[in-house]
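Here is what each chain is made of, one letter per residue.
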Amino acid sequence: MLNIKNLHVSLEEEDKQILKGVNLTVEAGKVHAIMGPNGSGKSTLSYVLSGKEGYEVTEGSADLLGEDLLEIDPEERAALGLFLAFQYPVEIPGVGNMTFLRTAVNSQRKARGEDEMSASEFLKVVRERAKSLKIDADMLKRPVNVGFSGGEKKRNEILQMAMLEPKMCILDETDSGLDVDAMKLVAEGVNALRNEDRGFLVITHYQRLLDHIKPDVVHIMADGRIVKTGGPELALEVEQNGYADILAEVA
Amino acid sequence: MTLAQVKIDATEERLNTLDMPQEGWSTAAREDALVRLRSMGLPSRRDEYWKYTRPDTLVQPTAPDAAVLHTDEGPVFDTLGRLKIVFVDGVFSADESDDLTLEGVMIERLAGATADIHWAKGLYGVLENNGQNPVERPLAALNTAYATDGVLIHVTGTPSKPINLIYRHISTSSDAILHHVVKVEKGANLTILEDGPAAARLNMCMEIDVADTATFHHVRAQGRDHERRAATHMFARLGTESTFKSFTLTANGVMTRNECVIELAGDDAHATVAGAALGDGDFHHDDTVFITHDAVNCESRQVFKKVLRNGATGVFQGKILVKAGAQKTDGYQISQSLLLDEDSQFLAKPELEIYADDVACSHGSTSGAIDEEALFYLRSRGVPVGEATDMLTLSFLAEAVEEIEDGTLAEEINERLAAWLARRRG
């Protein structure tokens, strides 16, 4: 589903290389996790894939369902089926959460040439999906993420994911700033979306999120490259020994 | 202080083009206003109060031409129940207006009101005169002296619907001077809606006396004709526990100066003045506000937002004056601009002058661009860049629109804002 080949990325502002040849394939129905120390390039990878400005791809490619991601705008990537759950979801005062969600859903449908969702149909679906994430009517009415707690923001990300029904979900440090209960709730939301047509790329610092969202494949990223790939046991190894041993081993 | 000869000449040159209407009851007030005007002279670009806005075209003897906008967009407030009072190029149109009867309100036309209207006589030019100190407002004095039309609205109850003043612009060279007087008696309530460009050049003045526990709401849309010019003044005096709320939408207009002068004269009164302005290209918009707190425990809010692009200019001059003894004053003022490119500019002069010691006053003024982080967030969810920019622009304007108390009216204004932005998205 997602094919990343030899991806090299620099910062536009300063001549600094962040990704130095990333190779990664995520198949439909699979959950891949990327772990790695701070500054290894994990978040940069998620931003480059979703089309954030400020990065320059100097070499390599990234395709989603055979389409060249790097050539199209962020909104086109979204309509194609890419979704990024932000590490720090943005607050947007003055735009109601519900209005935002409906605009997003219908923009994507329009871009794909599908019929827009009617207001009543949308309302029905959003209420049902919000309920399982313990998002109440008030949170839906409030401006996007404004005054939300850390946990509420992350749940709101998962609600967006549930409404947009993407094919490829990237979760960027979704566990950061969450207590155990909030993390369980978010993980349940993610697990409910797992199916054989959907791929996941879970970026995390710690193993604990992977206790709840069980990965099929675990990658270790360091200094802009994937340096080791293995099964779920690799995450446990990190948990027990830290990154130092693994990095020393591959060095 | 003696006036410079050039100022005297410019003023007389303008006055030569005008005839003072002779209407009995208002004559004394008009003549007084003319004396005031001659002592001040019309504004010139060297005046401190006109530092950011060139008054030339508002002052010159004849109005510069302004093309009439033809649009498919229906009039604002068209779907609402309201009493319509229509002016065409500054002249009352009985044919297009509703019958001027509404329970709880007496409405009379200014022009031709020759009988002695006692309540109006006590206000016409009076609030304007009060508002001349400490800052001179010569265009308002000119208005009082030479206004040719307008309405006198006396409110004693709570009418079932708002009064909608509709200003149609038909002639490319029309030059209108309108003066309205509104008196809301104790415990009474009124909503006034205004819509339209009015004329190629408009000088409009509204005096509003809001008695104890009375309420006055005002929502205005100034019309989208690009070349129109307008200088408007609102002078309000607020009694104890009264409420005054005014909101203005300005989309387009080569020259707009909206002045609002409010005196909180009774304790526990509330005043809000808000505005959203949208300018693209040859657009100059000036909000000048002066709020005087002269009573205890009053609250005032000034909330102004401007969206500017392609070299448009926005101006804000806002002052809160808290007089000695006006304790427990709560004054709030914010003026912000969203600059959609680097050619546009926003000039702001916020002022606080406080002579009481137990007050809370805050003010803020900012200029900024669209938030790139928020834009990326919306786009990453599939919202196209144009629509996402509009959403963020509306979100920027929301704080001003939210000052409109009536949700239906706020929605109406929001639709206009969204439509203006959508037209520019192409």
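Residues numbered from 1 in each chain as written. Chains lettered and ligands numbered in written order. Predicted model: local features only at pLDDT ≥ 70, side-chain atom pairs only at ≥ 80, totals over all residues. Heavy atoms only, no water.

Residues and elements named next belong to chain A. Spatially, four strands are ordered E2-E1-E4-E5 in an open sheet, and the strand pairing comes out antiparallel. With partners counted over all chains shown, the strands left at the sheet margins are strand E2 (16-26) and strand E5 (67-68), one partner each. Bridge count for strand E4 (residues 55-64) against E5 is two bridges, and the pairing is antiparallel. Counted as the bridge partner of Leu64 is Glu67 from E5. Sitting on the sheet, helix H1 (residues 42-50) touches strand E1 (2-11), E2 and E4, and the angle it makes with E1 is about 105°. (Pairing = 2+ DSSP bridges. Helix = DSSP H or I, 4+ residues; strand = E, 2+ residues; numbered from the N terminus. Contact = heavy atoms within 4.5 Å. Axes fitted to C-alpha atoms, helices over the stretch in contact; angles between N-to-C directions.)

As paired strands, E1(A) and E4(A) are joined by eight bridges and run antiparallel to one another. Directly across from His8(A), in E4(A), lies its bridge partner Glu59(A).

This brings us to the interface of chain B and chain A. Contacts between the two partners involve 18 residues from chain B and, on the opposite side, 30 residues from chain A. Buried area between chain B and chain A, summed over both chains or domains, comes out near 1900 Å², and the portion from carbon and sulfur atoms is 64%. When the area that chain B buries against chain A is broken down by residue, the three leading residues are Phe376(B), Tyr377(B) and Arg381(B), summing to 41%. At the surface where chain B touches chain A, the tally comes to four salt bridges. A salt bridge links Asp73(A) to Arg379(B); its shortest N-O distance comes to 3.8 Å. The tally of links from chain B across to chain A stands at eleven residue pairs in polar contact (both at pLDDT 80 or more). Of all the elements in the fold, those that place two or more residues in the side of chain B that touches chain A are helix H7 (372-380) and helix H8 (385-401) of chain B. Looking at which element gives the most residues to the side of chain B that touches chain A, the answer is H7(B), with eight residues. (Buried area = accessible area lost by both parts, 1.4 Å probe. Salt bridge = Lys/Arg side-chain N within 4 Å of Asp/Glu carboxyl O. Polar contact = N/O pair within 3.5 Å; in protein donor to acceptor, adjacent residues only side chain to side chain.)

Time to look at the packing of helix H3 (residues 97-111) of chain A against helix H4 (residues 119-132) of chain A. Residues and elements named next belong to chain A. Packing of H3 against H4 leaves a shortest axis separation of 11 Å and a crossing angle of 110°. Relative to H4, the element H3 lies roughly perpendicular. For H3 against H4, the interelement crossing comes out right-handed. Two secondary-structure elements touch here, H3 through Met98, Leu101, Arg102 and Val105 and H4 through Ala119, Phe122, Leu123 and Val126. (Parallel < 35°, antiparallel > 145°, perpendicular 65-115°, else oblique. Left-handed = near helix turned anticlockwise from the far one by under 90°.)

Taken as a whole and assessed by the stated rule, the structure comprises 41 salt bridges over all chains. The salt bridge partner of Glu157(A) is Arg381(B), with a shortest N-O separation of 2.6 Å. Here Glu157(A) is found in helix H6 (residues 150-164), whereas its partner Arg381(B) is found in the loop between H7 and H8 on a different chain. Assessed through its relative accessible area of 1%, Glu157(A) is described here as buried. Between Glu96(B) and Arg168(B) there is a salt bridge, with its nearest N and O atoms 2.4 Å apart. With Glu96(B) in the loop between strand E2 (91-93) and strand E3 (101-102) and Arg168(B) in strand E6 (residues 163-168), this residue pair connects regions lying 72 residues apart in the sequence. (Buried < 20%, exposed > 50% of the residue type's maximum accessible area, 1.4 Å probe, protein only.)

Counted according to the given criterion, the structure contains ten aromatic pairs over all chains. Here the aromatic rings of Phe86(A) and Tyr377(B) are separated by 4.8 Å at their centres, their planes lie at 85°, and the arrangement is edge-to-face. Placement of the pair is Phe86(A) in the loop between strand E6 (82-85) and strand E7 (92-96) and Tyr377(B) in helix H7, with the two residues belonging to separate chains. You can call Phe86(A) buried: its relative accessible area is 3%. On the basis of relative accessible area, Tyr377(B) is assigned to the buried category, the value being 0%. Just above the ring of Tyr47(A) sits the side chain of Lys52(A); from NZ or CZ to the centre is 4.4 Å. Taking the ring centre of Trp420(B) as reference, the NZ or CZ of Arg424(B) above it sits at 3.8 Å. (Phe/Tyr/Trp six-rings, centres within 6.5 Å; stacked < 30°, edge-to-face > 60°. Lys NZ or Arg CZ within 6 Å of the ring centre and 35° of its normal.)

This part takes up the confidence of the model for chain B. As a note on interpretation, predicted positions should not be read in detail where pLDDT is low. Taken as a whole, chain B shows an average pLDDT of 95; of its residues, 99% reach a score of 70 or greater. Interface confidence in the predicted complex, given as ipTM, is 0.96; pTM for the same model is 0.92. (pLDDT = per-residue confidence, 0-100.)

Residues and elements named next belong to chain B. If you walk across this open sheet you meet the ten strands as E2-E1-E6-E8-E10-E12-E14-E16-E18-E20, and the pairing is mixed. Strands with a single pairing partner mark the edges of an open sheet, and in this sheet they are E2 and strand E20 (360-368). The average undirected angle you get between the axes of adjacent strands in this sheet is 10°. Direction of pairing for strand E12 (residues 243-251) relative to strand E14 (residues 270-280): parallel, over a ladder of nine bridges. Bridge assignment links Ala251 to a residue of E14, and that residue is Leu278. The strands touched by helix H9 (residues 407-425) are strand E8 (189-195), strand E10 (215-221), E12, E14 and strand E16 (299-309); relative to E14, the strand with the most contacts, the crossing angle is about 15°.

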